[in-house]
Amino acid sequence: MTSRDDSEERARRRSLRSILDDKEMRVELQRRAAESELGGLWDVDTGTLASLLENPEPEEAFKSRPLSEAIVRAIARPVLMVENDRVTLPTRSDVMSRRVRKYREAFEPALPSVGRVELVGHPALEWVGTGWMIEEGVVVTNRHVASEFARRDATGMGYVFIRNQGGAEVLPRIDFREEYRSVVAAEFRIEKVLYIAPHSESAPDVAFLRVVAEPGLRLPPPIEPVESVARNLRQRRFMAVVGYPARDSRSDSRLVDRIFGDIYDVKRFSPGEVMTVDHDAWFFEHDATTLGGNSGSVILDMQTGKALGLHYAGAHRKANYAVRIDTVLEMLRAAKGRTWVGGAPLHTQLQEKTRPAASYVAPGYDERFLGPRVPLPKPAKTALREDLLKVGEGADPWRLDYTHFSVRMSSSRRLPMVTAVNIDGSSRRKLSRKGQVWFFDSRIDRRQQIGKEFYGPTSFDRGHMVRREDPVWGEPDEAARANEDTFHYTNAAPQMPGLNQREWLELEDYVLDNADALDLKVCVFTGPVFAAGDPVIQDVQVPLRFWKVAALVTADTGELNCAAYLLTQEDMLAEAFHYGRFKTYQVPLADVEALTGIGFGKALRDADNFALRQQDESVPTWSPGIQIYRPEDVRFPRRRSG
């Protein structure tokens, strides 16, 4: 058995044990197994099943005859209809029927406050998930639900609805009915997006929407949260998911149809139990049955009818996951107060420091690092040369030197124009970024650097130009200083959250790990494309595109090779662009020079082995070169023959 199979088997055991530990449910399953009522629903014969049910510790039996966890849930975790704001009682489980009947007066008043998020004008989707009233006029759902119809606007401080291919806005709404056999609608317009959490593993999958009622109509009331999460959110607590499960092609259709009765897209009530709770975490696990479409569902405490959390994901045969209600409420307060999660204003969380000028002693980028001389790029156009910020004296007074990298600054943009870093892959070190603060460089005027006055109130990330990991090599003290040096505002440019996506971040790793580089040494140059049409946000002209050039010497030929890339975030900053994403392209180095006005020198131009496509001689403005979807798409280096 593989480790993955073993993990899934342990999950099956844990899930079944959770059900068999329920004494009432256990007795009912024993009776039904003895009467052969479970035949055809299990992976084992009824006699074996009866034996398992009689064994209070069925661990050993599991090792020889595993059961299908999904089928167990078909019996012990039903999915019930909601009709006229009432839950239909289960017919195949007396235990579950008694529980629903016992608590229905507590939880049924919350059912009218759960709705289906629908889209008008979307080219592919009629509806995208579930939402529910958490406050007067506010619906909560998942980030991945809201992201189907909304994007950050050009200011980075608000949201706009996407546009379809015909240029019309996609308009979201929420229908609080959509029940089985009901033709009655309760539709309300979603007026605006209040907040969408960042796409990050550490950011809970939450979004808040402003919903408005038409004249003469009244919104359903908010669902109350449980008073004490510590007391009510605990293992084995009876709970239920209320939402709109849709047919899910990722699941076994035969089993799913048996559970759901081949009825989808309507309001359903899925009872279950809380599985595990870590009170230091923002999420918890539950075992109610869900499908795609349940995203954004409310988790109701069956005994009180109040909200325990927000359902957001599930792992097949393992667990479903929900954001704790106290975390949801904290995020709501933050969104309403224009503050970050945690309740404190975002700008106060951006820690900034200044080091003394005497602490900057590193020689910076080494032009002879690869053997052949590879100069630090510099502006080739007069206007750009005049825009270079003078930072010192000597032969090259326009470079700021740090540990293993150097930066040229733009005076007008207050952003790095060019960065250059030496990477020694043979002596790289893994250091954490935890606890790092951002620094102003005391060698230049504070007014020439963009800090929290911009990054605080906007949604932009401080995007590293020299990637944090790149200069972190050498002796421990040397690597630690390089790690800290990358956290300078002189090494940052505004980037939309998620810009450093996998294919962009992995370019250098791919070069180091796969290219036949001499001693695993690489020089990487990075910077923004300064264009006249870049948008001005909070007094900062934000670049829409970035470039990267990597150079190395191949071991078999001893020759210099380089590859150039362009990345764009302009789709994501377009005020109402639909289906925008970050795009990475491999391009000829000459195109980067033409687009940026930066000169890389004859040595690198001659080393560029990019297979040119037939194209005209105009300066590329969109979709140049070959789009990079994964590291294997990179053509670097292209071996020379003979």
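1. Some thoughts on the overall build of the protein
Turning to step 1, where the next piece is worked out: Helix and strand counts for the protein stand at 18 helices and 32 strands.
Turning to step 2, where the next piece is worked out: Relative to its full complement of 642 residues, the protein shows a buried share of 56%.
Turning to step 3, where the next piece is worked out: For the protein, the share of sequence-separated contacts (at least 6 apart) that also reach a separation of at least 24 residues comes to 70%.

2. Some thoughts on the side chain of His122
Turning to step 1, where the next piece is worked out: Within the secondary structure, His122 is located in the loop between strand 3 (114-120) and strand 4 (127-135).
Turning to step 2, where the next piece is worked out: On the basis of relative accessibility, which here comes to 12%, the residue His122 falls in the buried class.
Turning to step 3, where the next piece is worked out: At a separation of 3.1 Å, a polar atom in the side chain of His122 contacts the main-chain amide nitrogen of Leu125.

3. Topic: the sheet that holds strand 9 (residues 187-196)
Sheet strands pair via backbone hydrogen bonds, and the direction of the pair is either parallel or antiparallel.
Turning to step 1, where the next piece is worked out: Spatially, the six strands close up into a barrel ordered 3-4-5-10-9-8, and their pairing is antiparallel. Strand-to-strand, the axes of this sheet are offset by a mean angle of 45 degrees, without reference to chain direction.
Turning to step 2, where the next piece is worked out: As paired strands, strand 5 (residues 138-141) and strand 10 (residues 207-212) are joined by four bridges and run antiparallel to one another. For Val139, the partnering residue across the bridge sits in strand 10 and is Leu209.
Turning to step 3, where the next piece is worked out: This element, helix 10 (residues 325-336), spans strand 4, strand 5, strand 9 and strand 10 of the sheet and lies at about 85 degrees to strand 4.

4. Structural notes on the pattern of salt bridges
Turning to step 1, where the next piece is worked out: For the structure on display, the rule yields 31 salt bridges.
Turning to step 2, where the next piece is worked out: Where Glu83 meets Arg181, a salt bridge forms, and the shortest distance between an N and an O atom there is 3.1 Å. With Glu83 in strand 1 (residues 80-83) and Arg181 in the loop between strand 8 (171-175) and strand 9, this residue pair connects regions lying 98 residues apart in the sequence.
Turning to step 3, where the next piece is worked out: Residue classification places Glu83 among the buried positions, given a relative accessible area of 19%.
Turning to step 4, where the next piece is worked out: What makes Arg181 exposed here is its relative accessible area of 65%.
Turning to step 5, where the next piece is worked out: For Arg447, the salt bridge goes to Asp445, with nearest N and O atoms at 2.9 Å.
Turning to step 6, where the next piece is worked out: A relative accessible area of 65% means that Arg447 is categorised as exposed.

5. Some points on the pairing of strand 29 (residues 560-568)
Turning to step 1, where the next piece is worked out: Of all nine residues making up strand 29, nine are buried, and the element is well covered by its neighbours.
Turning to step 2, where the next piece is worked out: Because side chains alternate across strand 29, one face comprises the buried residues Leu560, Cys562, Ala564, Leu566 and Thr568, and the other comprises Asn561, Ala563, Tyr565 and Leu567, equally buried.
Turning to step 3, where the next piece is worked out: Sheet topology places strand 28 (residues 545-554) next to strand 29; nine bridges connect them, and they run antiparallel. Note on strand 29: the bridge partner recorded for Arg545 is Thr568.

6. Here we look at helix 17 (residues 589-596)
Turning to step 1, where the next piece is worked out: With respect to burial, helix 17 is a largely interior element, six of its eight residues being buried.
Turning to step 2, where the next piece is worked out: Among the residues of helix 17, Leu589, Asp591, Val592, Glu593, Leu595 and Thr596 are the ones counted as buried.
Turning to step 3, where the next piece is worked out: Taken from the residues just after helix 17, Gly597 is the one with a positive phi, measuring 80 degrees.

7. Examining helix 6 (residues 94-107)
Because the α-helix completes a turn every 3.6 residues, residues three or four places apart line up on one side.
Turning to step 1, where the next piece is worked out: With 14 residues, helix 6 should reach 20 Å at 1.5 Å per residue; the first-to-last C-alpha distance of 19 Å fits that figure.
Turning to step 2, where the next piece is worked out: What helix 6 keeps buried is the set Val95, Met96, Ser97, Arg99, Val100, Tyr103, Arg104 and Phe107.

8. Considerations on unusual backbone geometry
Turning to step 1, where the next piece is worked out: Notably, Asp265 is not glycine yet its phi reads approximately 70 degrees, a positive angle.
Turning to step 2, where the next piece is worked out: With respect to the helices and strands, Asp265 occurs in the loop between helix 9 (253-260) and strand 12 (268-277).
Turning to step 3, where the next piece is worked out: Positive phi, normally seen in glycine, also occurs at Arg414, with a value near 60 degrees.
Turning to step 4, where the next piece is worked out: Examined against the element boundaries, Arg414 turns out to sit in the loop between strand 20 (405-409) and strand 21 (416-424).

9. Let's talk about the nonpolar core
Looking at soluble globular proteins, one finds that nonpolar side chains tend to be buried together.
Turning to step 1, where the next piece is worked out: Judged by nonpolar contacts, the single largest core of 76 residues is most densely connected at Trp132, Phe149, Phe208 and Phe269.
Turning to step 2, where the next piece is worked out: Discounting residues that sit within four places of it in the chain, Phe208 has contacts with Val138, Val139, Val140, Val193, Leu194, Tyr195, Val328, Met331, Leu332 and Ala335.
Turning to step 3, where the next piece is worked out: If you look at the next biggest cluster of nonpolar residues, it comprises 31 residues, including Phe369, Trp473, Trp547 and Leu566.

10. Focus on the packing of aromatic side chains
Turning to step 1, where the next piece is worked out: Throughout the structure, instances matching the rule amount to 21 aromatic pairs.
Turning to step 2, where the next piece is worked out: Between Phe107 and Phe269 the ring centres are 4.6 Å apart and the planes differ by 25 degrees, which places this aromatic pair in the stacked class. Of this pair, Phe107 sits in helix 6 while Phe269 is found in strand 12, placing the two residues 162 residues apart along the sequence.
Turning to step 3, where the next piece is worked out: Judged by centre distance (5.8 Å) and plane angle (40 degrees), the ring pair of Phe369 and Trp473 falls under tilted.

11. Comments concerning the confidence of the model for the protein
Turning to step 1, where the next piece is worked out: Scored by pLDDT, the protein comes out at a mean of 78, with 71% of its residues at no less than 70.
Turning to step 2, where the next piece is worked out: The low-confidence segment residues 38-50 (pLDDT under 50) makes 28 contacts with residues lying over four places distant or belonging to another chain.
Turning to step 3, where the next piece is worked out: Per-residue pLDDT stays below 50 along residues 572-582; that stretch engages in 41 contacts with residues further than four places along the chain or on separate chains.

12. Here we look at the environment of Ala110
Turning to step 1, where the next piece is worked out: Within the secondary structure layout, Ala110 lies in the loop between helix 6 and strand 3.
Turning to step 2, where the next piece is worked out: Here Ala110 falls in the buried class, since its relative accessible area comes to 7%.
Turning to step 3, where the next piece is worked out: With 132 residues separating them in the primary sequence, Ala110 and Val242 have C-alpha atoms 9.4 Å apart.
Turning to step 4, where the next piece is worked out: For Ala110, the residues in contact, after removing those within four places along its chain, are Ile223, Leu300 and Gly305.

13. Details of the environment of Arg143
Turning to step 1, where the next piece is worked out: Relative to the helices and strands, Arg143 resides in helix 7 (residues 143-146).
Turning to step 2, where the next piece is worked out: C-alpha of Arg143 to C-alpha of Asp205: the two residues are 62 residues apart in sequence and 5.0 Å apart in space.

Thresholds, definitions, all that
- Residues numbered from 1 in each chain as written.
- Predicted model: local features only at pLDDT ≥ 70, side-chain atom pairs only at ≥ 80, totals over all residues.
- Heavy atoms only, no water.
- Helix = DSSP H or I, 4+ residues; strand = E, 2+ residues; numbered from the N terminus.
- Buried < 20%, exposed > 50% of the residue type's maximum accessible area, 1.4 Å probe, protein only.
- Contact = heavy atoms within 4.5 Å.
- Polar contact = N/O pair within 3.5 Å; in protein donor to acceptor, adjacent residues only side chain to side chain.
- Pairing = 2+ DSSP bridges.
- Axes fitted to C-alpha atoms, helices over the stretch in contact; angles between N-to-C directions.
- Salt bridge = Lys/Arg side-chain N within 4 Å of Asp/Glu carboxyl O.
- Expected span 1.5 Å × (residues − 1).
- Core = buried A, V, L, I, M, F, W, Y, C linked by side-chain atoms within 4.5 Å.
- Phe/Tyr/Trp six-rings, centres within 6.5 Å; stacked < 30°, edge-to-face > 60°.
- pLDDT = per-residue confidence, 0-100.

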